[in-house]
Amino acid sequence: MQRTTSYGTTGTNENGSGGGGGGGGTATPQHQRRPSGASSSSSFASAYETACAAMNVVPLTQVLAAGTNLDLSRVCMSSQACAALGEALKFEGNITSLDLSDTSVSDTGCSSICEALKSNNAITSLNLRGNNIRQQGAIAVAELLKNNSAVTKLSLEWNTVGLWDQGIEAMSEALTVNKSLVYLDLRNNRISPQATSNIAHAMQHNTTLTHLDLRWNNMGIIGGKALVQALKHNFSLTFLDVAGNEVPADILQAIEIAILRNREIGVTNRMCLQDQASCRMDPEKNYVWHESFQPTPLLKHNNSWTQQPRQLEQKCAGMKQDSRAEKNKNRKLQEFVKQLQEQNKGLSTQISELHSTIAEKEKQFGLQQEASRGLEKEVDQLHKTISQMERAAKAAEAETKTKLQAITGELQKTQATLSSTEKLGQQLKAQLSQEKERYEQHISEQQQQLSEAQKKEFTSMKEITSQELSQRENIVLDLQSKLNDMNAEITALQKELEAAHCNHEQAILVSKEIQAHQIQHITELQSLLARSESEGGDTKVQLAQTEAKLQNEHTEKEKVLKELELMSQYNKQTLENQAAQFAAKISAMESRLAAQEQSTLRQLASQEQANTKHIETITQQHQHSLHQEAEKYEKLLCRLEETLSAAHKLAFSEARRTAPNNTQHH
């Protein structure tokens, strides 16, 4: 009997069943259960439209035309749009996959969607990639995993779930309780080592999750060790990727060994389940002892009893061969996976760059949308103004019609009104010409006033700048005088130093002369001693006393000289320090003066530029306003001329019509 084993590299189980379990028959998966009030696509569309109307939101065509897979990726959705979609999805039974990647739903939209999916037992795949989900959104996802048993695949890539402890703690608690989730993607979520240890603690109790992606986070050594410790108790996880987390090579190797162990356990569990199913389906292997069992059938079936061990041995040999082949396949797959991981590293960097470019483009798209909204508002305002102008034009046309009717009535009564209208037209032309001249004079006067105002502003600005420059020059002169005073003090101090040095040298010379005199005096005394040795003992005593006095005086003078030398050295050091301090102060003052001069010059230049720009803008605005007023007056003149010409034409036509009637009456 041949055995067929089918398993992938990731080891994901679509039904969400664990690795170890010896259940009997084929159970229906949880996501195939439908509520009693499941609606069709038309009812879902109507429910969505009503929810959008309640929320004052425009319905999305993607939602109205949705099948089993609702793809809203890269569709910017507000919180009201998410709330409307959640209300429609509460009891929807046809949609099995919901993709909300890169829709900017944030925490509020994620909370409304997750709250709606608590009562939905049809959706098995949920993609929330790149939506800036934070603490509140993570808590909402955790509540969904606690209360929903249909979702088997969840993607939270490119969010910030790991920045806050409460959100990741809530998700880890939900993973300990959840029994349906098989695939979880937490890439690029800034998951810290503490958050990774919380996830690892949850994985010690979870028995259904087979695919966990933790790439490009901040778990480090502590998080890697926590995952290794968790894999000692977890036997269902068959795929775990921790690339880009600064995890050492030995910890990565330990994780790979544990994952390979879990894959082998999953393969053996599948083979055991297949054997159990084959035994239930094959009647020859169903050994049931009956109460009315006779020895004659036992002899008949003796051959089958002897053949079964052989068959089992053959099956064991085939299983060993299959296991060896599978091990070779696993090795090849591991090598292939390593190659893919190396390729994925380069691809991940490219993907990160692409994500950054996509984010920038999305920002640009958002700005463009805002600009388009502003333009739409302006267009609506223009439409309103146009409608108002049309209404005003219609009213003006009605008024002109009434006036023309009145004029025609008056023309029918008398022909004399033609001359009066001509006179009035001439008067109006003369008035218009006068108004033109007045307006031109007014424009010239305003231009002269503008030029005078500009000149006044320029002169005032020049005076202000000259005053500021004079003030700055006075400040500079004051500082220069201070610098001169400081230089004079420094020169005085240097002179004092030189005088002290000269005094010190003179004292040294005096001390040397005193020493020379003392030496001469000692020699004279020695000569006197030599002479007075013959004279008597009294003179010797006197000489000894004089020698002692001279030695004492010599020691005292040496002490005084040493003190003078120390004082001179101390004075030199203090004067040198003071000179250095004065020099530093002078350099600092010079640098400050230079910086102040530069800043003042820059400020003056910027002020001049700003003033010139302001004056130019004012002149342009005045010129523009004057041109607009001139155009308005010209348009009014043209309209008046047109109305006058039309009135003349009507008057002549009515006169021609009334002329034959008058002749007939006569």
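Residues numbered from 1 in each chain as written. Predicted model: local features only at pLDDT ≥ 70, side-chain atom pairs only at ≥ 80, totals over all residues. Heavy atoms only, no water.

Chemist: Explain the pattern of salt bridges here, please?
Modeler: A pair can form between side chains of opposite charge whenever their charged atoms are brought close. Counted under the stated rule, the structure contains 10 salt bridges. A salt bridge links Glu 173 to Lys 146; its shortest N-O distance comes to 3.9 Å. A residue pair is termed long-range when its members are at least 10 positions apart, and Glu 173 in helix α6 (residues 165-177) and Lys 146 in helix α5 (residues 135-147) qualify at 27 residues. Given the relative accessible area of 34%, Lys 146 is considered partly exposed. One salt-bridge network, in which partners are shared between bridges, spans Asp 102, Arg 129, Glu 157, Asp 185, Arg 187, Asp 213, Arg 215 and Asp 241. (Salt bridge = Lys/Arg side-chain N within 4 Å of Asp/Glu carboxyl O. Helix = DSSP H or I, 4+ residues; strand = E, 2+ residues; numbered from the N terminus. Buried < 20%, exposed > 50% of the residue type's maximum accessible area, 1.4 Å probe, protein only.)

Chemist: How do you make sense of α6 when you look at a structure like this?
Modeler: Residues lying three or four places apart along an α-helix face the same way, a consequence of the helix completing one turn every 3.6 residues. For α6, spanning 13 residues, the distance from its first C-alpha to its last is 19 Å, which sits close to the expected 18 Å at 1.5 Å a residue. Along α6, the residues that are buried comprise Gly 167, Ile 168, Ala 170, Met 171, Ser 172, Ala 174 and Leu 175. Of the surrounding elements, those touching the buried residues of α6 are α5, β5 (183-185) and α7 (193-203). (Expected span 1.5 Å × (residues − 1). Contact = heavy atoms within 4.5 Å.)

Chemist: In this structure, what is going on with the nonpolar core? I would like to understand it.
Modeler: Note that soluble globular proteins tend to have their nonpolar side chains buried in a common cluster. Within the largest apolar cluster, 70 residues are counted, with the highest numbers of intra-cluster contacts made by Met 77, Leu 85, Val 141, Leu 212, Leu 214 and Leu 240. Looking at this core, the elements that each hand over two or more residues are α1 (41-55), α3 (79-89), α4 (106-117), α5, α6, α7, α8 (220-231) and α9 (249-281). If we skip the residues at most four places from it in the chain, Leu 240 touches Leu 212, Leu 214, Leu 227, Leu 231, Ile 255 and Ile 259. Grouped together as the second largest cluster of nonpolar side chains are 6 residues, Leu 479, Ile 490, Phe 582 and Ile 586 included. (Core = buried A, V, L, I, M, F, W, Y, C linked by side-chain atoms within 4.5 Å.)

Chemist: Would you mind going over the packing of α6 against α7 with me for this structure?
Modeler: Packed helix pairs are characterised by how far apart their axes lie and by the angle those axes make with each other. Taken N-terminus to C-terminus, the directions of α6 and α7 make an angle of 10 degrees; their axes are 8 Å apart at the nearest point. Classed by the angle they form, the pair α6 and α7 counts as roughly parallel. On the side of α6, the interface is formed by Ile 168, Glu 169, Ser 172, Leu 175 and Thr 176, while α7 contributes Ala 195, Asn 198, Ile 199 and Ala 202. Looking at the contact of α6 with α7 residue by residue, the classes come out as 5 nonpolar, 3 polar and 1 charged. (Axes fitted to C-alpha atoms, helices over the stretch in contact; angles between N-to-C directions. Parallel < 35°, antiparallel > 145°, perpendicular 65-115°, else oblique. Nonpolar A, V, L, I, M, F, W, Y, C, P; charged D, E, K, R; others polar.)

Chemist: Help me understand the state of the cysteines in this model?
Modeler: Here is the idea: a disulfide is a covalent bond, and it sits between the sulfur atoms of two cysteines. With the rule as written, the count across this model stands at 0 disulfides. Of all cysteine sulfurs in the structure, the one in Cys 110 sits closest to Cys 82, which takes part in no disulfide; the separation is 8.9 Å. (Disulfide = S-S within 2.5 Å.)

Chemist: How should a positive patch on the surface be read in this particular structure?
Modeler: A surface patch of positive charge is lined by Lys 320, Arg 324, Lys 327 and Arg 331. Relative to the elements of secondary structure, Lys 320 occurs in helix α11 (residues 302-413). (Patch = residues over 30% accessible without salt bridge, like charges linked within 9 Å, V, L, I, M, F, W, Y side chains within 5 Å. Areas by Shrake-Rupley, 256 points an atom, 1.4 Å probe, with all protein chains shown as cover. Lys, Arg positive; Asp, Glu negative; His and termini not counted. Charge placed at Lys NZ, Arg CZ, Asp CG, Glu CD.)

Chemist: Sorry, what's going on with the side chain of Ser 101 here?
Modeler: As for its placement among the helices and strands, Ser 101 is situated in the loop between β2 (97-99) and α4. Residues in contact with Ser 101, not counting those within four places in the same chain, are Leu 72, Ser 73, Arg 74, Asn 127, Arg 129 and Asn 131.

Chemist: Where do I start with the packing of α5 against α6 in this structure?
Modeler: Between α5 and α6, the shortest axis-to-axis distance is 8 Å and the interhelical angle comes to 10 degrees. Taken together, the axes of α5 and α6 are roughly parallel relative to one another. Where α5 abuts α6, its residues Gln 135, Ala 138, Ile 139, Val 141, Ala 142, Leu 145 and Lys 146 lie against Gln 166, Gly 167, Ala 170, Met 171, Glu 173 and Ala 174. Along the lines of polarity and charge, the residues of the contact of α5 with α6 split into 8 nonpolar, 3 polar and 2 charged.

Chemist: Could you clarify how one ought to interpret the sheet that holds β5 in this entry?
Modeler: Each strand in a sheet pairs with its neighbour through backbone hydrogen bonds, running either in the same direction (parallel) or in the opposite one (antiparallel). Overall, parallel pairing links the 7 strands, which are arranged β1-β2-β3-β4-β5-β6-β7 in an open sheet. Edge positions in the open sheet fall to β1 (69-71) and β7 (239-241), since each of these has one partner strand only. The mean angle between the axes of side-by-side strands here comes to 0 degrees, regardless of whether they run parallel or antiparallel. Sheet topology note: the strand β6 (residues 211-213)/β7 ladder contains 3 bridges and is parallel. (Pairing = 2+ DSSP bridges.)

Chemist: What am I meant to see in the packing of aromatic side chains here?
Modeler: The description of an aromatic ring pair rests on the distance of the ring centres and on the angle between the ring planes. Inspection of every chain in the model, using the stated rule, returns 0 aromatic pairs. Lying across the ring of Tyr 183, Lys 153 places its NZ or CZ 4.9 Å from the centre. (Phe/Tyr/Trp six-rings, centres within 6.5 Å; stacked < 30°, edge-to-face > 60°. Lys NZ or Arg CZ within 6 Å of the ring centre and 35° of its normal.)

Chemist: Please clarify how the confidence of the model for the chain should be interpreted in this entry.
Modeler: Low pLDDT marks stretches whose predicted atomic positions should not be read closely. Chain-level pLDDT for the chain is 78 on average; 82% of the residues reach the 70-or-more range. Scored below 50 in pLDDT, residues 283-306 makes 8 contacts in the model with residues more than four places away or belonging to other chains. Counted against residues more than four places away or in other chains, residues 662-666, with its pLDDT under 50, gives 1 contact. (pLDDT = per-residue confidence, 0-100.)

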